[in-house]
Amino acid sequence: MFASFFPKPKVFFPSIVAWAALCMALWFLWLRDLGPTLSLGNWVGFAYPATHTGQNTVASARELAHDFWLYEYMIVASAIFSALWGRLSPHRWFWWSVVVTAVIIFITWFQVQLDVMINEWFGSFYNAVQKALGTPGSVTLAEFFGLLATFATIALVYITVAVMTRFLVSHYIFRWRTAMNDYYTAHWQRLRHIEGASQRVQEDTMRFASVMEDLGVSLVDSFMTLMAFLPILWGLSAYVKELPLVGAVPQALVFVAIVWSVIGTSLLALAGFRLPGLYFRNQRVEAAYRKELVLGEDHADRAQPPTLGMLFADVRHNYFRLYFHYMYFNVVRYAYLQAGVLVPYVALAPTIVSGAITLGVMQQIVRAFGRVETSFQYLVMSWTTIVELLSIYKRLRAFEATLDNEPLPDIEREVLPSRGTS
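About the cut-offs
- Residues numbered from 1 in each chain as written.
- Predicted model: local features only at pLDDT ≥ 70, side-chain atom pairs only at ≥ 80, totals over all residues.
- Heavy atoms only, no water.
- Helix = DSSP H or I, 4+ residues; strand = E, 2+ residues; numbered from the N terminus.
- Buried < 20%, exposed > 50% of the residue type's maximum accessible area, 1.4 Å probe, protein only.
- Areas by Shrake-Rupley, 256 points an atom, 1.4 Å probe, with all protein chains shown as cover.
- Lys, Arg positive; Asp, Glu negative; His and termini not counted.
- Charge placed at Lys NZ, Arg CZ, Asp CG, Glu CD.
- Salt bridge = Lys/Arg side-chain N within 4 Å of Asp/Glu carboxyl O.
- Axes fitted to C-alpha atoms, helices over the stretch in contact; angles between N-to-C directions.
- Parallel < 35°, antiparallel > 145°, perpendicular 65-115°, else oblique.
- Left-handed = near helix turned anticlockwise from the far one by under 90°.
- Contact = heavy atoms within 4.5 Å.
- Nonpolar A, V, L, I, M, F, W, Y, C, P; charged D, E, K, R; others polar.
- pLDDT = per-residue confidence, 0-100.
- Expected span 1.5 Å × (residues − 1).
- Bend = angle between axes of the 7 residues up to and from the residue.
- Polar contact = N/O pair within 3.5 Å; in protein donor to acceptor, adjacent residues only side chain to side chain.
- Core = buried A, V, L, I, M, F, W, Y, C linked by side-chain atoms within 4.5 Å.
- UniProt positions renumbered as here; feature names shortened; annotations may be inferred.

Things to note about the overall build of the protein chain
- Helix and strand counts for the protein chain stand at 12 helices and zero strands.
- Listing the helices and strands of the protein chain from first to last along the sequence gives α-α-α-α-α-α-α-α-α-α-α-α.
- Classification of the 422 residues of the protein chain by burial places 42% in the buried group.
- Per element, the accessible surface of the protein chain, about 22,900 Å² overall, is 68% carbon and sulfur.
- If you average the places of the 31 positive and of the 29 negative side-chain charges in the protein chain, the two averages end up 4 Å apart.

Thoughts on the pattern of salt bridges
- All chains considered together, the criterion is met by five salt bridges.
- In this structure, Asp-182 and Arg-92 form a salt bridge, with 3.4 Å as the shortest nitrogen-oxygen distance. Residue Asp-182 is located in helix α5 (residues 141-186), and its partner Arg-92 is located in the loop between α3 (56-88) and α4 (94-134); the two are separated by 90 residues in the primary sequence.
- Taking relative accessible area as the criterion, Asp-182 reaches 27% and is therefore assigned partly exposed.
- Residue Arg-92 is classed as exposed on the basis of its relative accessible area, which comes to 63%.
- Close ionic contact of Asp-204 with Arg-207 constitutes a salt bridge, the shortest N to O distance being 3.5 Å. With a gap of three residues between them, Asp-204 and Arg-207 both fall in helix α7 (residues 197-236), about one helical turn apart.
- When its relative accessible area of 0% is taken as the criterion, Asp-204 is described as buried.
- One network of salt bridges, in which partners are shared, links Asp-115, Arg-367 and Arg-371.

With respect to the packing of helix α10 (residues 305-353) against helix α11 (residues 359-376)
- One can describe the packing of α10 onto α11 by two numbers: an axis separation of 10 Å at closest approach and a directional angle of 140 degrees. Relative to α11, α10 is oriented oblique. Crossing of α10 against α11: the hand is right-handed. Between α10 and α11, the residues in contact are Gly-340, Val-343, Pro-344, Tyr-345, Leu-348 and Ile-352 and Met-362, Ile-365, Val-366, Phe-369 and Glu-373, respectively.
- Here the residues of the contact of α10 with α11 sort into nine nonpolar, one polar and one charged.

Re the confidence of the model for the protein chain
- Per-residue confidence for the protein chain gives a mean pLDDT of 83, with 93% of residues at or over 70.
- Taken element by element, the protein chain is modelled with least confidence in helix α12 (residues 378-403), mean pLDDT 76, and with most confidence in helix α1 (residues 9-29), mean pLDDT 91.
- Across residues 417-422, confidence stays below pLDDT 50; counting only partners more than four residues off in sequence or on other chains, it has 13 contacts.

Observations regarding α1
- Along its 21 residues, α1 runs 30 Å from first to last C-alpha, staying within 8% of the 30 Å computed at 1.5 Å per residue.
- Buried residues of α1: Pro-9, Phe-12, Ser-15, Cys-23 and Trp-27, and no others.

Section: α10
- The end-to-end C-alpha separation of α10 is 70 Å, in line with the 72 Å expected for 49 residues at 1.5 Å each.
- Along α10, the largest kink reaches about 40 degrees and is centred on Ala-347; proline Pro-350 follows within four residues of it.
- Taken from the residues just after α10, Gly-355 is the one with a positive phi, measuring 70 degrees.

Overview of the side chain of Ser-15
- Looking at the element boundaries, Ser-15 is found in helix α1.
- At a separation of 2.4 Å, a polar atom in the side chain of Ser-15 contacts the main-chain carbonyl oxygen of Phe-12.
- Other than its neighbours up to four places away in sequence, Ser-15 contacts Phe-81 and Trp-85.

Quick word on the nonpolar core
- In terms of nonpolar packing, the biggest core is built from 41 residues, with Trp-109, Leu-233, Leu-243, Leu-253, Leu-348 and Ile-365 touching the most fellow members.
- Looking at this core, the elements with two or more residues in it are α1, α3, α4, α7, α8 (252-271), α10 and α11.
- Contact partners of Trp-109, with chain neighbours within four places excluded, come to Leu-70, Tyr-71, Met-74, Met-224, Met-227 and Ala-228.

A word on the UniProt feature "transmembrane region" (unreviewed entry) in the protein chain
- Feature annotation in UniProt places "transmembrane region" (unreviewed entry) on residues 12-30, 68-86, 93-112, 144-169, 215-240, 252-273 and 342-362, given in this structure's numbering.
- Helix makes up 95% of residues 12-30 and strand makes up 0%, while its end C-alpha atoms are separated by 26 Å.
- Helix makes up 85% of residues 215-240 and strand 0%. Its end C-alpha atoms lie 34 Å apart.

Details of the environment of Glu-143
- Mapped onto the elements, Glu-143 comes out in helix α5.
- In sequence terms Glu-143 and Ala-128 are 15 residues apart; their C-alpha atoms lie 8.9 Å from each other.
- Of the polar contacts made by the side chain of Glu-143, one reaches the backbone nitrogen of Thr-140; its length is 3.1 Å.

Remarks on the environment of Ala-347
- With respect to the helices, strands and loops of the structure, Ala-347 is situated in helix α10.
- A relative accessible area of 5% means that Ala-347 is categorised as buried.
- For the pair formed by Ala-347 and Asn-318, sequence separation is 29 residues and the distance between their alpha carbons is 43 Å.
- Dropping the residues within four chain positions of it, Ala-347 is found in contact with Val-240, Glu-242, Leu-243, Pro-244 and Val-256.

Right, here's the structure in full:
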């Protein structure tokens with residue numbers, strides 16, 4: 001699944017984490033202050049301003065120059081990482097598995113930065129709305145439409161980048177599927193005896209690629225969003241002096257986001273721990289039913305009504321088990337997600353009632369809290385997709401075991417009865 005596309009995956013993926021940690025450490029300890037000396041921004045209109053006064057225009061120019069220097073640094077770091085892997089471990093899919101992976105990570109970070117800009121815009125916009133409603137005539141029509149135009153500009157860039165990213169990721173994932181397909185078909189003679197081998201090569205690799213497209217991108221996006229919005233929420237926590245029932249808590253908003261996310265992740269993991277195995281068994285009985293129908297196309301003695309009836313009874317029984325277990329899982333999931341809508345407002349209740357924040361700041365807090373909370377809740381939000389991926393992994397793992405001359409997993413050796421218990 002991974003070795004067909006990535007060079008030495010057991011080393012490659014940890015190396016991404018280690019390289020990212022090293023680059024982040026170098027940035028915060030040393031390199032971010034070298035922008036005025038090393039940045040190429042002055043060639044393209046993003047030069048550091050000469051003065052260091054506190055004027056808004058100078059501060060904005062410094063922020064743009066700093067962001068441009070960060071993008072330069074990320075591009076150089078990604079290029080060095082890719083070049084090292086290309087040199088040390090040449091691979092047929094190097095350009096897609098290494099280089100395009102780095103490109104996707106960089107673009108995802110850029111999208112998150114656009115989201116940060118939108119979050120800042122919400123603060124300015126709702127402060128202007130509060131000012132206009134409180135003091136008629138204090139905000140001109142030109143200023144109001146100027147704020148809307150700013151949002152439209154950011155949104156247009158975001159939409160363009162998002163569409164291009166999805167197009168690139170789709171091609172990336174299909175190359176991954178191609179790599180798996182080529183790898184398994186090259187060993188077909190050893191794999192064809194596994195139950196449902198043809199379905200696993202054709203359908204499971206397709207589903208694996210499709211699931212990874214959604215799950216992989218959302219994982220990178222959640223991590224990047226957490227990196228960008230956690231400092232923002234940390235700073236906004238200064239407005240919140242106390243929490244209901246709890247009282248004063250340092251960095252209260254971050255504390256609430258972490259605690260609430262841990263509660264949700266634990267509840268969903270507990271409620272859904274049986275689902276991966278049930279998904280896997282569903283795929284087995286579906287494969288057995290499909291195989292009998294296919295054999296019946298060429299052999300008159302196959303796919304007889306009693307046999308098909310028994311095989312379909314297996315399908316029905318397993319689906320009904322899955323529906324039952326999903327019922328209580330969805331009760332927990334939807335109850336948790338709906339309750340989560342109120343969490344930031346409950347946390348802000350003493351602050352709102354005391355009038356300690358403006359409407360714009362409240363909107364920034366609620367939106368930043370939602371981004372951080374969602375990032376921490378990656379497992380909660382993606383649990384259904386993760387369950388599907390785990391079931392696909394279990395099926396393709398049988399191929400890996402066969403090629404490595406290992407015994408098949410226990411679940412592969414189970415004999416499924418036509419009638420079972422839940």
